[in-house]
Structure formats: C-alpha cells, structure tokens
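Here's the letter readout for the chains.
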Amino acid sequence: MAYWKHESAIVDEGAQLGEGSKVWHFAHVSPGARIGAGCSLGQGVYVGNDVSIGDNVRIQNNVSVYDAVTLEDDVFCGPSMVFTNVYNPRAAVARKNEYRKTLVKRGATLGANCTIVCGATIGRYAFVGAGAVVQKDVADFALMVGVPARRIGWMSRHGERLRFDAAGQAVCPATGERYRLASDEQTVELIP
C-alpha cells in the first residue's frame, strides 16, 4: 500500500490513492475516487465516487468532497468548508442527473467554513476567506470574502496580499515574484 490510513478510516476497494497520501481518523474514501500523491485527508473527511484530487492537496477535518468536484494540485480545503453538487436540492426529488461540476484550480485556498456552490470554478491561487459563500466563478489570484463572496483584492502564489502601484504592478513580499493587473482590473497575471 503506497498510502497510509488510520485504522478507523475506510478506503473502499477501487479507490486510487497516490504515494505518500494519508487518510486520518474516521475518513471515508469511496470506490471511484482518484486521489494523487502526497495528499492529506483529515479526520471525518468524505470523498465521493466521481471526485478527482490532484497531488499535494490538504483537506482539513470535516470536509465532504461530493461527486462532480475536481481539486487540482496544491489545493487547501480549510476545516469544515462545504462543497455542494445539486443547485436546488429537495429530499423528495431525485436530482443526481443534475449535478453541477465544481473545479478548484491549482494552488487555491478555501478557508474554514466557506461554502462553494456547485457549478463554480475557483481560479489558480485564488484565496477564499473563512465563512465566504462563493456562488460564481473566481478569477486566478483573487481574494474573496463575504456572503455572497466578493473580490476585495489579490493574492500571490505564496499566499501574500498583493498591493498594486499606479502602473498596475505588484511584488510578492515573501518571494519577490512580480504580478501585473490587467487594464480592466479584473484579472492578474504572474510576470515571467
């Protein structure tokens, strides 16, 4: 077995877990799940069948990753954050054929207790603050807070707040990487 699991965790036959991944107390990984290398699934995590998780993903305690969710490499899911997969659920109405896909791109952070409403794409290295409710797509590097979530700034790949000068450029205070704000101020790109 290339991964480690706590004796109380359940990893169903057919689930694929990469080298060095860890599954902690009372977690449950369904048989169709695909999980990359070096991942950590915290206590009480549930991973559905139609879920794809990249490498080096950190899923903190009490998170359910439901069907139709894809997490790319280096995603961080904070404690008790929420994914959905049905937009308008009713207990008496079966809607499994209406699941909306959710994509969380490389390096994004989803803060504790935030909610990602199904059908949204979270951009690369975006940062969703604790308790925010995301109902629509999020741009790369965007810093999102509130209910509903709104962009209040931009974050570097390192997770530092970016401060743009009058020329629309910023430097990550931790790494020195340079970023450029588009003229419409709706997107940010890393300057090579």
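For the structure, check the block above.
Since this is a predicted model, take the numbers as computed values, not measurements.

**Q** Just give me the short version of the overall build of the protein, but keep the residues and values in it.
**A** The number of helices and strands found in the protein is zero helices and 25 strands. Taken over C-alpha atoms, the radius of gyration comes to 17 Å for the protein, in line with the 16 Å a tight globule of 192 residues would show. When the backbone C-alpha atoms are referred to their principal axes, the protein occupies close to 55 × 40 × 25 Å. Counting the 192 residues in the protein, one finds 43% classified as buried. Across the protein, 20 positive and 19 negative side-chain charges occur, with their mean positions spaced 5 Å apart.

**Q** Kindly report on the sheet that holds strand S4 (residues 22-23), identifying the contributing residues and their values.
**A** Here we have nine strands laid out as an open sheet, ordered S1-S4-S7-S10-S13-S16-S19-S21-S22, and mixed in their pairing. Each edge of the open sheet carries a strand with a single partner, namely strand S1 (4-5) and strand S22 (150-154). Sheet topology note: the strand S21 (residues 142-145)/S22 ladder contains four bridges and is antiparallel. Bridge pairing in S22 places Met144 opposite Arg151.

**Q** Help me get a handle on the nonpolar core, residues and values and all.
**A** Counting 50 residues, the largest nonpolar core has Val29, Ile59, Leu71, Phe83, Leu110 and Ile122 as the members making the most contacts within it. Apart from the residues lying within four places of it in its own chain, the contact partners of Val29 are Ile10, Val11, Asp12, Ala15, Leu17, Val23, Ile35, Leu41 and Val47.

About the criteria used
- Every residue gets a number counted from 1 within its own chain, in the order that chain's sequence is written.
- Thresholds applied to this predicted model are a pLDDT of at least 70 for local features of residues and 80 or more for the giving and counting of side-chain atom pairs; totals over whole chains, interfaces and linings are not thresholded and use all residues.
- Here the side-chain values reflect all heavy atoms present in the structure, with hydrogen atoms and water set aside.
- Secondary structure elements follow DSSP: runs of H or I no shorter than four residues count as helices, runs of E no shorter than two count as strands, and numbering proceeds from the N terminus.
- C-alpha atoms define the radius of gyration, and 2.2 Å times the number of residues to the power 0.38 defines the globule rule.
- Three labels apply to residues, based on accessible area from a 1.4 Å probe with only protein chains included: buried if under 20% of the type maximum, exposed if over 50%, partly exposed otherwise in between.
- Only four residue types enter the tally: Lys and Arg on the positive side, Asp and Glu on the negative side; His and the chain ends are excluded.
- Here the site of a charge means atom NZ of a Lys, CZ of an Arg, CG of an Asp or CD of a Glu.
- Whether two strands pair depends on DSSP finding at least two bridges between them.
- The definition of a nonpolar core used throughout is a set of buried Ala, Val, Leu, Ile, Met, Phe, Trp, Tyr and Cys residues joined through side-chain atoms within 4.5 Å.
- Contact between two residues is taken to exist if any of their heavy atoms lie within 4.5 Å; hydrogens are not considered.

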